[in-house]
Amino acid sequence: TLHSRVNSLQQSISKLSEEKKQLLEDTLAANTQISSKDERILLLVQEQKALCEKIQTSDKQYLGAKKCANDLVESSQDLEKKYIILEKVCSEQKLELANLNTDQETLHSRENSLQQSI
């Protein structure tokens, strides 16, 4: 019976040893999966960071373009105001020139009248 008891214990030890070996293999496989997932997470985080940087760059470009567009609109409005002022000045100068021409014609007419009366 002692011999059968030793035999039984050896079988139990052998079985436990196989279970331990299997558990170690399972643990190694699980650690490998975790490591693989960690690497994937790291890659995803890096991709997310790169996308955030692209978004920030795009935002800066958009704001720059928007400012440029606003500056162009403001410049265009300033030019329109200056054009209106210049148009008004030209109109006034044309009127003044017409008045001067009329005055000159009147003076010529008077001069001719005076010369004829002399």
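Computed from a predicted model, the values in this text were never measured in an experiment.

## Here we look at the overall build of the chain
So, step 1. Along the backbone of the chain there are one helix and zero strands.
So, step 2. Taken against the 2.2 N^0.38 rule, which gives 13 Å for 118 residues, the C-alpha radius of gyration of the chain at 50 Å runs more than 25% over that of a compact globule.
So, step 3. Taken along its principal axes, the extent of the C-alpha atoms in the chain is 170 × 10 × 10 Å.
So, step 4. Within the chain, buried positions represent 0% of all 118 residues.
So, step 5. Split by element, the accessible area of the chain, about 11300 Å² in all, is 58% carbon and sulfur.
So, step 6. On the chain, the mean spot of the 16 positive side-chain charges and the mean spot of the 19 negative ones are 12 Å from each other.

## Some details on the environment of D103
So, step 1. In this fold, D103 is placed in helix α1 (residues 2–117).
So, step 2. Using a relative accessible area of 45% as the deciding quantity, one classes D103 as partly exposed.
So, step 3. On a C-alpha basis, the gap between D103 and K20 in space is 122 Å, while along the polypeptide they are 83 residues apart.

## A word on the pattern of salt bridges
So, step 1. Taken as a whole and judged by the stated rule, the model has one salt bridge.
So, step 2. As a salt-bridge pair, D71 and K67 come within 3.0 Å of each other at their nearest N and O atoms. One end of the pair is D71 and the other is K67, both in helix α1 and four residues apart, which spans about a single turn.
So, step 3. A relative accessible area of 37% places D71 in the partly exposed class.

## Brief notes about the environment of E74
So, step 1. One can find E74 in helix α1.
So, step 2. Given the relative accessible area of 47%, E74 is considered partly exposed.
So, step 3. For the pair E74 and K54, spaced 20 residues apart in sequence, the C-alpha separation works out to 30 Å.

Here is what the cut-offs are and how they apply
- Residues numbered from 1 in each chain as written.
- Predicted model: local features only at pLDDT ≥ 70, side-chain atom pairs only at ≥ 80, totals over all residues.
- Heavy atoms only, no water.
- Helix = DSSP H or I, 4+ residues; strand = E, 2+ residues; numbered from the N terminus.
- Rg over C-alpha atoms; globule rule 2.2 N^0.38 Å.
- Buried < 20%, exposed > 50% of the residue type's maximum accessible area, 1.4 Å probe, protein only.
- Areas by Shrake-Rupley, 256 points an atom, 1.4 Å probe, with all protein chains shown as cover.
- Lys, Arg positive; Asp, Glu negative; His and termini not counted.
- Charge placed at Lys NZ, Arg CZ, Asp CG, Glu CD.
- Salt bridge = Lys/Arg side-chain N within 4 Å of Asp/Glu carboxyl O.

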